[in-house]
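Each chain is listed here by its residues.
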Amino acid sequence: MVRDLAETHPPVASLDDRAAKAQLEQYRLSDEQIRFFQENGYLTGIRVLGDAQVETLRNELERFLSDGLPGSELLYEYNANESLDPSKRLLHCLGHWRVLPAFHDLLWNPAFTVPASQLLGGAIRFWHDQLFYKPPAQGGVVAWHQDYSYWTRTKPLAHLTCWIALDDSSLENGCVHYVPGSHRWSLLPKPALSGDMDAIQSVLSDEQRAAFRPVPSEVRAGWASFHHPLTLHGSHENRSTRPRRGAVVNVVRDGVASDSDEPLLAGVPVVPRGEPLGGRFFPLLFDPRESDGAPQ
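Rules of the game
- Starting afresh in each chain, residues are numbered from 1 along the sequence in its written order.
- Given that this is a predicted model, residues contribute local features only at a pLDDT of at least 70 and side-chain atom pairs are listed and counted only at 80 or more, while totals for whole chains, interfaces and linings are drawn from all residues.
- Side-chain measures were taken over the full set of non-hydrogen atoms in the model, leaving aside hydrogen atoms and water.
- Strands are treated as partners if at least two bridges between them are detected by DSSP.
- The helix count covers DSSP runs of H or I at least four residues long, the strand count covers runs of E at least two residues long, and both are numbered beginning at the N terminus.
- Structural elements are reduced to axes, namely lines fitted to C-alpha atoms, with helices fitted over the stretch in contact, and the angle between N-to-C directions of any two is expressed from 0 to 180 degrees.
- Just to be clear on terms, a salt bridge is a Lys or Arg side-chain nitrogen sitting within 4 Å of an Asp or Glu carboxyl oxygen.
- Accessible area is worked out with a 1.4 Å probe on protein chains only. A residue is then buried under 20% of its type maximum, exposed over 50%, and partly exposed in between.
- Distance and chemistry together define a polar contact, namely a pair of N or O atoms within 3.5 Å, with one atom able to donate a hydrogen and the other to accept it when in protein, and with adjacent residues in sequence counting only for side-chain atoms on both sides.
- To estimate how far a helix should reach, multiply one less than its number of residues by 1.5 Å.
- Working note: the arc is built from the helix axis to C-beta atom directions.
- In this description, a disulfide is simply a cysteine sulfur pair whose atoms lie within 2.5 Å.
- Nonpolar core, defined: a set of buried Ala, Val, Leu, Ile, Met, Phe, Trp, Tyr and Cys residues in which side-chain atoms within 4.5 Å join the residues together.
- Contacts were defined at the residue level, with two residues in contact if any of their heavy atoms lie within 4.5 Å.

### Topic: the sheet that holds strand E5 (residues 142-145)
Then, number 1: Taken in spatial order, the four strands line up as E5-E11-E8-E9 in an open sheet, and their pairing is antiparallel. Looking at which strands have only one partner, the edges of the open sheet turn out to be E5 and strand E9 (215-217). With strand direction ignored, the average angle separating the axes of adjacent strands in the sheet is 30 degrees.
Then, number 2: Relative to strand E11 (residues 233-235), strand E8 (residues 176-178) runs antiparallel, the two being bridged by three bridges. Note on E11: the bridge partner recorded for His-177 is Gly-234.

### What to know about the pattern of salt bridges
Then, number 1: Under the criterion given, the structure shown has 18 salt bridges.
Then, number 2: With a closest N to O distance of 3.9 Å, Arg-184 and Glu-39 form a salt bridge. One end of the pair, Arg-184, is in the loop between E8 and helix H6 (206-211); the other, Glu-39, is in helix H2 (residues 31-40), with 145 residues separating them in the sequence.
Then, number 3: In this structure Glu-39 comes out as partly exposed when scored by relative accessible area, which is 47%.
Then, number 4: We note a salt bridge from Asp-261 to Arg-273, for which the minimum N-O separation is 3.7 Å. Taken together, the residues span a long stretch of sequence, with Asp-261 in the loop between strand E13 (257-258) and strand E14 (284-286) and Arg-273 in the loop between E13 and E14 at a distance of twelve residues.
Then, number 5: Each of Glu-55, Arg-58, Glu-62, Asp-167 and Arg-245 takes part in a single network of salt bridges with overlapping partners.

### Some words on helix H5 (residues 110-120)
Each α-helix winds once per 3.6 residues, and so residues spaced three or four apart point in a common direction.
Then, number 1: Burial within H5 is extensive, with eleven of its eleven residues counted as buried.
Then, number 2: All buried positions along H5 are accounted for by Pro-110, Ala-111, Phe-112, Thr-113, Val-114, Pro-115, Ala-116, Ser-117, Gln-118, Leu-119 and Leu-120.
Then, number 3: Where H5 starts, the residue carrying a side-chain oxygen 3.0 Å from the main-chain nitrogen of Ala-111 turns out to be Asn-109.
Then, number 4: Directly beyond the C-terminal end of H5, a positive phi value near 80 degrees is found at Gly-121.

### A look at helix H3 (residues 51-66)
Then, number 1: Taking 1.5 Å per residue, 16 residues should reach 22 Å; H3 reaches 23 Å between its end C-alpha atoms and fits that length.
Then, number 2: Listed in full, the buried residues belonging to H3 are Gln-53, Val-54, Leu-57, Glu-60, Leu-61 and Phe-64. Down the axis of H3, the sector holding all buried residues measures 130 degrees, keeping them to one side. Residues of H3 that are exposed and point more than 90 degrees away from the buried face comprise Asp-51, Ala-52 and Ser-66.

### What to know about the side chain of His-227
Then, number 1: Here His-227 is to be found in strand E10 (residues 223-227).
Then, number 2: Residue His-227 is classed as buried on the basis of its relative accessible area, which comes to 1%.
Then, number 3: A distance of 2.8 Å separates a polar atom in the side chain of His-227 from a polar atom in the side chain of Asp-147.
Then, number 4: A polar side-chain atom of His-227 sits 3.3 Å from a polar atom in the side chain of His-233.

### Some details on the state of the cysteines
Then, number 1: The tally for this structure, following the rule as stated, stands at zero disulfides.
Then, number 2: As a non-bridged cysteine, Cys-162 has Cys-175 as the owner of its nearest cysteine sulfur, 16 Å distant.

### Describing the nonpolar core
Then, number 1: Counting 64 residues, the largest nonpolar core has Phe-103, Phe-226, Val-251 and Phe-282 as its most contacted members.
Then, number 2: Sorting elements by how many residues they give to this core places H5 first, with six residues.
Then, number 3: Excluding anything up to four places from it in sequence, Val-251 contacts Phe-112, Ala-116, Leu-120, Ile-124, Arg-125, Phe-126, Trp-127, Ala-158, His-159, Leu-160 and Leu-285.

### Regarding the environment of Asp-259
Then, number 1: Structurally, Asp-259 is set in the loop between E13 and E14.
Then, number 2: Residue Asp-259 is classed as partly exposed on the basis of its relative accessible area, which comes to 24%.
Then, number 3: For Asp-259 and Lys-155, which are 104 residues apart along the polypeptide, the C-alpha to C-alpha distance reads 6.3 Å.
Then, number 4: If we skip the residues at most four places from it in the chain, Asp-259 touches Thr-152, Arg-153, Thr-154, Lys-155 and Arg-273.

Listed below in structure tokens is the structure:
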């Protein structure tokens with residue numbers, strides 16, 4: 001029986017760096033970086049992991065996949081191949097923080113939590129995690145989408161996504177692209193996550209089509225990008241000889257509440273409509289009002 005790490009909120013594995021937590025100031029974004037995020041809806045080129053931490057996460061992921069998915073009953077979702085193109089592959093899963101110690105501890109990494117708190121403007125609480133794996137040569141697309149189109153069961157809109165590269169992410173192997181300024185657009189229809197990259201054009205206004213000028217976020221392993229929940233983003237195929245693995249951590253500002261009387265995530269107890277997210281499945285990760293930023 002695999003231990004459910006959702007029952008343990010402090011870090012449990014070697015990925016934790018308590019010495020780094022004593023120097024939180026080093027992880028703070030500059031005023032210029034915050035202005036860029038506010039203007040464009042994304043911010044890229046933020047280092048959140050050292051080389052040894054990246055290797056720990058890679059090794060843990062490979063063992064997880066090769067050992068027959070131990071603890072898979074605890075995952076919120078697992079898609080061995082979510083690609084709609086049978087010649088392509090796109091592994092996508094949610095909930096691995098409950099079974100993989102290093103990915104569990106990633107949630108409390110101050111190199112992630114400090115800038116996330118700045119961008120959301122307060123204490124941050126965990127929403128859910130994701131893994132994306134595009135294998136060499138045949139990795140599938142992630143179609144253009146806004147994250148909040150999948151999250152309307154929570155409100156208000158005070159969410160943030162952090163995309164962390166576990167491999168060098170480039171144009172060749174299908175890096176994430178962002179549409180600057182699209183975070184000021186209204187909520188668009190929810191697409192098939194791995195559907196047609198061009199399908200988005202059919203739901204854009206003439207003004208939005210004119211502003212649709214994607215820019216790539218090419219980042220090295222261990223580096224990350226942050227984006228607003230309405231920022232339009234997607235990624236093309238992996239045509240390279242290298243894998244493209246990405247770990248995603250989604251957070252909300254403390255106080256975001258359920259807007260549903262159904263489970264917010266598969267297997268998670270119902271959070272009644274109007275009740276703020278909390279408890280063991282939605283832990284508080286960082287509160288800037290606390291002198292040491294310790295999790296509550």
